[in-house]
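Spelled out from the first residue to the last, the chains are:
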Amino acid sequence: MNLPNKLTIIRIILIPFFVFFMLSDKIQAHNYFAVALFIAASITDFFDGMIARKKGLITNFGKFMDPLADKLLVCSALICLCGSKIPEWIVIVIISRELFVSGFRTLAAAQNIVLAAGWWGKFKTVFQMIMIIVLILDIPHPFFETLGWICIYISLALTIISMADYVIKNSKVLKN
């Protein structure tokens, strides 16, 4: 197993620890532990892709598992933040998009087509990760509260745009 794939697996392993701290409000400064784990997991996403492209280590495992690991991380955070920091309907839209794209990839795989993540999807993921960090930190200042809402709505827009882009660019999957 190559280094980028190991980083993807590390990201998946970090998720339960992240969720533990997100939900452990009895532990003082739990949100700082949670945000540190979230940032560490997010950094593995940056490095696994960079290393895979630079060293020519792109694999079918990485094409499938890297975006899935991102979805697991982001969806776990969204579920933990649902209702308290993010309106439920927005969480439902974002998670529905993630499930739709995963189903779309499964349909493609059944046709022996491997679909890599597009740039809109990568941009969406990065922006969602920034949004989640801002919301977890929950800094009680009007600037950060406004920043949180701006991040939420930009993430929502990018979620919809990236799904449309993904389906349009890979419409051959639907034609089979």
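As a reminder, the structure under discussion sits directly above these lines.
Reading the values: the criteria
- Residues numbered from 1 in each chain as written.
- Predicted model: local features only at pLDDT ≥ 70, side-chain atom pairs only at ≥ 80, totals over all residues.
- Heavy atoms only, no water.
- Axes fitted to C-alpha atoms, helices over the stretch in contact; angles between N-to-C directions.
- Helix = DSSP H or I, 4+ residues; strand = E, 2+ residues; numbered from the N terminus.
- Parallel < 35°, antiparallel > 145°, perpendicular 65-115°, else oblique.
- Left-handed = near helix turned anticlockwise from the far one by under 90°.
- Contact = heavy atoms within 4.5 Å.
- Nonpolar A, V, L, I, M, F, W, Y, C, P; charged D, E, K, R; others polar.
- Core = buried A, V, L, I, M, F, W, Y, C linked by side-chain atoms within 4.5 Å.
- Buried < 20%, exposed > 50% of the residue type's maximum accessible area, 1.4 Å probe, protein only.
- Salt bridge = Lys/Arg side-chain N within 4 Å of Asp/Glu carboxyl O.

Chemist: Sorry, what's going on with the packing of helix α2 (residues 30–55) against helix α5 (residues 119–137) here?
Modeler: Helix-helix packing is characterised by the crossing angle of the two axes and by the distance between the axes. Relative to each other, α2 and α5 sit at 165°, their axes nearing to 9 Å. One way to sum up the angle between α2 and α5 is to call them roughly antiparallel. Crossing geometry of α2 relative to α5 is assigned as left-handed. The residues of α5 that touch α2, namely those facing N31, Y32, A34, V35, F38, I39, S42, D45 and R53, are K122, T125, M129, I132, I133, I136 and L137. For the contact of α2 with α5, a count of residues per class yields ten nonpolar, three polar and three charged.

Chemist: Looking at this structure, how should I read the nonpolar core?
Modeler: Generally speaking, a soluble globular protein has its nonpolar side chains buried in company with each other. Grouped together as the largest cluster of nonpolar side chains are 32 residues, with contacts concentrated most on F18, I86, M131, I132 and I136. Residue assignment for this core shows that the elements contributing at least two residues are α1 (3–23), α2, α3 (60–81), α4 (88–110), α5 and α6 (142–169). Element by element, the count of residues in this core is highest for α3, at seven residues. With residues up to four places along the chain from it excluded, the contact list for M131 reads L78, I86, C151, I152 and S155.

Chemist: Explain unusual backbone geometry here, please?
Modeler: Both trends apply: most residues other than glycine have a negative phi, and most peptide bonds are in trans. We note that N112 has phi near 60°; this positive angle belongs to a residue other than glycine. Note on placement: N112 falls in the loop between α4 and α5. Backbone geometry at D138 places phi at a positive 50°, although glycine is not the residue there. Mapped onto the elements of the fold, D138 is located in the loop between α5 and α6. Its relative accessible area of 41% is what places D138 among the partly exposed residues.

Chemist: Please explain the pattern of salt bridges as it appears in this structure.
Modeler: A side chain with one charge can pair with a side chain of the opposite charge if their charged atoms come near. Tallied over the entire structure, the rule returns nine salt bridges. For R97, the salt bridge identified is with E98, shortest N-O distance 3.0 Å. Side by side, R97 and E98 carry an identical accessibility label, which is buried. Ionic pairing is found between K169 and D165, a salt bridge with its closest N-O pair at 3.5 Å.

Everything listed here is a matter of coordinates, which is why it stays silent on function.
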